[in-house]
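# Structure assessment
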Amino acid sequence: MPEGFSYCRCPQCGRSNRVDQQQAAARRPLCGHCGALLAAATRQAPPLLVLLGVLVLALPASQWAMPYVGRTASLWVAVMLAWLVLRYYRASFDAGWKVMLAMFGVSVCLLLYDRSPEAGALQMANMTTPLSGVAGPLRGDPHRDYLAAVDARDPEINVLASRLVKGCAVRDQACEADSIARFVADRIDYRNDPDGGRDYIKPPRQTLAATAGDCEDKTILAVSLLETLGIRSVMVFEPGHVYPMACFEQTPEALRGKAGRQIAGAGNCFALEPTAKNSGLGVEKDTGRIEATYLVKGGQRLD
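Residues numbered from 1 in each chain as written. Predicted model: local features only at pLDDT ≥ 70, side-chain atom pairs only at ≥ 80, totals over all residues. Heavy atoms only, no water.

## With respect to the environment of alanine 210
This is how the line gets drawn: Helix and strand assignments come from DSSP, with helices taken as H or I runs of at least 4 residues and strands as E runs of at least 2, each series counted from the N terminus. Think of it in three bands: with a 1.4 Å probe and only protein chains considered, a residue is buried below 20% of the maximum accessible area for its type, exposed above 50%, and partly exposed in between. Any pair of residues with heavy atoms lying within 4.5 Å of one another is described as a contacting pair.
Inspection of the secondary structure assignment puts alanine 210 in helix H8 (residues 204-210). For alanine 210, a relative accessible area of 32% gives the class partly exposed. With 19 residues separating them in the primary sequence, alanine 210 and arginine 191 have C-alpha atoms 10.0 Å apart. Apart from the residues within four sequence positions on either side, alanine 210 is in contact with Arg191 and Lys202.

Put into structure tokens, the structure is as follows:
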């Protein structure tokens, strides 16, 4: 837009008017469509500035994107929002709403690529940001790679979990969590990742297909099975190791006397050791070795 001009929306008909700022300073302009008096004219941000704001704000905003959003649906939503921003830049939304809509779309795209390393070209896991200490860990936190691999909405995971807990009474979450713990410990073999490079993080379905994985893969499978049944779970990270915990609002009767830990924001949590055969729920752990603890649903850091 040429210098000295601005856009002003009519309060009566809602149409956008191009206003000469010098003339508007001398007398209040009228709407060219309905003749109503216009309020003070304001300049809209140039498209390049809007896009720059989207890129700057989208990176830290991606940490709050929903962890269980379907990839295909979210990608279509992001594309549609981007199209709306470009198509109706002058005609509909004001600059602030356009920035927020586009920021949400880009954030979803970043999350999808980060959740699917085998398919994406954007690897945001190692990105650092000066805002990381303001609102909790952002995408630069390496632990979030493992949280992002959890998939509690996979139909195969849901069917398997339902089959594993058939012998438990209705709403006996302690029995359900113990059944899942024993399945992951006994039926999924421990196998190290190939030497060299970063950890190869497998989604739960791939671990099931291979019937093998390292501690991270088995933990991802365990919490996916717990979450698909509605059992709150956390991931606990130690140096070179990770294990899951199943959490309850009240300590179940079957778990009284077993090793547990009260975690603020999660409840009464009981560990399972995915790499130890014949181990169920309530394994005793050394809390002095813990580096970080995360609530799986939402990704909130609890320590």
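Once you've had a look at it, read on.
## Structural notes on the environment of isoleucine 188
Here isoleucine 188 lies in the loop between helix H7 (173-187) and strand E3 (189-190). A relative accessible area of 1% places isoleucine 188 in the buried class. In this structure the C-alpha to C-alpha distance between isoleucine 188 and alanine 209, which are 21 residues apart in sequence, comes to 9.9 Å. Apart from the residues within four sequence positions on either side, isoleucine 188 is in contact with Phe183, Thr207, Leu208, Thr211, Ala212, Gly213, Lys218, Leu221 and Lys277.

## Focus on the packing of aromatic side chains
Definition in use: Only Phe, Tyr and Trp rings are paired, with Trp represented by its six-membered ring, and only when their centres lie within 6.5 Å; those with planes under 30 degrees apart are stacked, over 60 edge-to-face, the remainder tilted.
One pass over the structure, following the stated rule, counts three aromatic pairs. Where tyrosine 146 meets phenylalanine 237, the ring centres are 5.8 Å apart and the plane angle is 40°; that geometry is what we call tilted. Residue tyrosine 146 is found in helix H5 (residues 144-148), and its partner phenylalanine 237 is found in strand E5 (residues 232-238); the two are separated by 91 residues along the sequence. A relative accessible area of 13% means that tyrosine 146 is categorised as buried.

## Structural notes on the state of the cysteines
Our working definition: Any two cysteine sulfur atoms within 2.5 Å of one another count as a disulfide.
Scanning the model with the defined rule gives two disulfides in all. There is a disulfide in this structure between cysteine 168 and cysteine 175, and the S-S distance comes to 2.1 Å. Measuring the twist about the S-S bond at about -75°, one finds the cysteine 168-cysteine 175 disulfide to be left-handed. Taking the relative accessible area as the measure of exposure, cysteine 175 reaches 24% and is therefore partly exposed. If one numbers only the bonded cysteines of the protein, in the order they occur, the disulfide pattern is 1-2, 3-4.

## Some remarks on the nonpolar core
Applicable threshold: Residue types Ala, Val, Leu, Ile, Met, Phe, Trp, Tyr and Cys, when buried and joined through side-chain atoms within 4.5 Å, form a set referred to as a nonpolar core.
In terms of nonpolar packing, the biggest core is built from 23 residues, with Phe183, Leu221, Leu225, Phe248 and Leu281 touching the most fellow members. Elements with a contribution of two residues or more to this core: helix H6 (155-164), H7, helix H9 (215-228) and strand E6 (241-248). With six residues, the single largest contributor to this core is H7. Discounting chain neighbours no more than four positions away, the residues touching phenylalanine 248 are Gln173, Ala174, Ala177, Ile231, Leu255, Gly267, Asn268, Phe270 and Leu281. Counting 13 residues, the second largest nonpolar core, distinct from the first, contains Leu147, Cys215, Ala292 and Tyr294.

## Looking at the environment of threonine 293
Tracing the backbone through its elements, the reader meets threonine 293 in strand E9 (residues 292-295). By relative accessible area, which is 1% here, threonine 293 ends up buried. Threonine 293 sits 30 residues away from isoleucine 263 along the chain, and the two C-alpha atoms are 9.3 Å apart. Discounting residues that sit within four places of it in the chain, threonine 293 has contacts with Val234, Met235, Val236, Arg261, Ile263, Gln300, Arg301, Leu302 and Asp303.

## So, H9
Note the cut-off: Multiply 1.5 Å by the residue count of a helix minus one, and that product is the helix's expected span.
With 14 residues, H9 ought to run about 20 Å at 1.5 Å a step, and its terminal C-alpha atoms sit 20 Å apart, in line with that. Extensive coverage of H9 is indicated by the burial of 14 of its 14 residues.

Take it as geometry only, folks, not as evidence of what the structure does.
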